[in-house]
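# Architecture at a glance
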Amino acid sequence: YNKHIARRTLGIDATNNRLLFVLACICLVSCDRQDQSIATEKYSVEGKVTFEDGQPVAGVLVSFSSLDERANTNALTDDEGRYRVDAEDGEGLPAGEYRVVVGPPVNEQGTAPPVAVDPKYANKKTSGLATTIKPLPNYYDIELERAAP
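On to the overall build of the chain, then. Scanning the chain for helices and strands turns up one helix and eight strands. Along the chain direction, N to C, the helices and strands of the chain fall in the order α-β-β-β-β-β-β-β-β. Looking at the 149 residues of the chain, the share that counts as buried comes to 28%. Sequence separation of at least 24 residues holds for 65% of the intrachain contacts in the chain that already meet a minimum separation of 6. A total of about 10,400 Å² of accessible surface is found on the chain, and carbon and sulfur atoms cover 54% of it.

A complete count under the given rule lists seven salt bridges for this structure. With a shortest N-O distance of 3.4 Å, Asp86 and Arg84 are connected by a salt bridge. Overall, the relative accessible area of 13% leaves Asp86 in the buried class. Each of the salt bridges in this network shares a partner with another, and the network as a whole consists of Glu46, Arg84 and Asp86.

With respect to the element layout, Thr50 can be found in strand 1 (residues 45-51). With a relative accessible area of 14%, Thr50 lands in the buried category. Apart from the residues within four sequence positions on either side, Thr50 is in contact with Gln55, Pro56, Val57, Ile142, Glu143 and Leu144.

Reading guide: rules and limits
Residues numbered from 1 in each chain as written. Predicted model: local features only at pLDDT ≥ 70, side-chain atom pairs only at ≥ 80, totals over all residues. Heavy atoms only, no water. Helix = DSSP H or I, 4+ residues; strand = E, 2+ residues; numbered from the N terminus. Buried < 20%, exposed > 50% of the residue type's maximum accessible area, 1.4 Å probe, protein only. Contact = heavy atoms within 4.5 Å. Areas by Shrake-Rupley, 256 points an atom, 1.4 Å probe, with all protein chains shown as cover. Salt bridge = Lys/Arg side-chain N within 4 Å of Asp/Glu carboxyl O.

What follows is the structure, given as structure tokens:
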């Protein structure tokens, strides 16, 4: 009689454990999907790239790369040194910390035109440029040194 009750109790416990496990998995998947939807919201950033003397830097590529390497985007400066990464165009960035590099745009042949910007800005390890994208309008002006003659 005791063995029969013990088996029955174990069967109920095992069923309850399986049910709890399934519910826990559903909760985890649901929470993960909510986190992903929050993380995919994108925000705009704009600014102006200038040399130390205030002269605009036209025709350079401003690249943003998240610290976790999951989000990246680029913008080209206009004749006045202005750039914009627009969330409304789908090119925005999720909130977070970003490394920034500035360098010449690479053409279809894989080459870049010469630019008077110090080459250290084209490498995320040496650029020294970083910003935080927040869920609001973001402005990031960049002041650069000229390349050595």
